[in-house]
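Each chain, written out:
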Amino acid sequence: EEIFLNELNRIPTDNEYKLLKEEFVQQLKIEKDRDPSQFLEVNGAKDFIKLLNEMDHPLGIATGGWEASARLKLDAVDIGVKDLGFSNSSRYKTRHGIINDVMNQLTAGDKIDPNEIIYFGDGMWDMITCRKMGIHFIGIDYDGDQILKGAGVIPVFKDFSNKDAIMDIINNGGIGIGKINLDF
């Protein structure tokens, strides 16, 4: 929308959105076939999800990507969303809307206390949105750029490989573990 507004002084039509999404996903498929190493999980993510599933912790994935591109990327690393809360920018345009959608999916029926949400994110927009929404936040700095740490996020992990340290923070660091949203 920003590009369209800047270049054409209008937002895309529904058909233009459709064509853009289709082309983007097609280009991702081409790149995945050309070089699958571009589509790797954040180190330890799959095992961490497995651990949390074994502990019966409801999980959700909130992504700013479109649904088709997010599913392609998740499928490439063998992470399914069938039993997870899942939302994306095909459903909502704002990070707040996407996260709120996952929260609603996970809290349906009042089975889970919304105050126990823990969100793992890698971007400033994740941290800012979580602070605005009152959600516990754990930073993931797989790029090593230290931006989240510089913004005062504690804790920050490089990835999900040190499951014991992450679980220790969750269990003993004053952060509840009712449900966890993972952002990849």
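Residues numbered from 1 in each chain as written. Predicted model: local features only at pLDDT ≥ 70, side-chain atom pairs only at ≥ 80, totals over all residues. Heavy atoms only, no water.

(A) Representation of the packing of aromatic side chains in the model. If you walk through the whole model with that rule in mind, you get five aromatic pairs. Taking the centre distance of 6.2 Å and the plane angle of 15° together, the rings of Y119 and F137 count as stacked. Of the two residues, Y119 is situated in strand β3 (residues 117-121) and F137 in strand β4 (residues 136-140); the sequence distance between them amounts to 18 residues. Exposure class is identical for Y119 and F137. Each is buried. (Phe/Tyr/Trp six-rings, centres within 6.5 Å; stacked < 30°, edge-to-face > 60°. Helix = DSSP H or I, 4+ residues; strand = E, 2+ residues; numbered from the N terminus. Buried < 20%, exposed > 50% of the residue type's maximum accessible area, 1.4 Å probe, protein only.)

(B) Focus on the packing of helix α5 (residues 95-107) against helix α6 (residues 124-133). Look at α5 against α6: their axes get within 10 Å of each other, and the N-to-C directions meet at 65°. For the element pair α5 and α6, the recorded crossing hand is right-handed. Touching R95, H96, I99, N100 and M103 of α5 are W125, D126, T129 and M133, all from α6. For the contact of α5 with α6, a count of residues per class yields four nonpolar, three polar and two charged. (Axes fitted to C-alpha atoms, helices over the stretch in contact; angles between N-to-C directions. Left-handed = near helix turned anticlockwise from the far one by under 90°. Contact = heavy atoms within 4.5 Å. Nonpolar A, V, L, I, M, F, W, Y, C, P; charged D, E, K, R; others polar.)

(C) Quick peek at the nonpolar core. Ranked by internal contacts, the top residues of the largest apolar core, which has 23 residues, are F48, I61, F120, F160, I166 and I170. Of the residues forming this core, the biggest block, four residues, is contributed by helix α3 (residues 45-54). Counting 15 residues, the second largest nonpolar core, distinct from the first, contains I98, V102, M103 and C130. (Core = buried A, V, L, I, M, F, W, Y, C linked by side-chain atoms within 4.5 Å.)

(D) Region of interest: the confidence of the model for the chain. For the chain, the average pLDDT comes to 89, and 92% of its residues sit at 70 or higher. Averaged over each element, pLDDT in the chain is lowest for strand β6 (residues 179-182) (53) and highest for helix α2 (residues 14-34) (96). (pLDDT = per-residue confidence, 0-100.)

(E) Local environment of the packing of α3 against helix α8 (residues 163-172). Remark: α3 packs on α8, axes separated minimally by 11 Å, with the N-to-C direction vectors making an angle of 45°. Taken together, the axes of α3 and α8 are oblique relative to one another. Along this stretch, α3 crosses α8, giving a crossing that reads as right-handed. Residues D47, F48, L51 and L52 of α3 form the contact with α8, whose own contacting residues are K163, I166, M167 and I170. Looking at the contact of α3 with α8 residue by residue, the classes come out as six nonpolar, no polar and two charged. (Parallel < 35°, antiparallel > 145°, perpendicular 65-115°, else oblique.)

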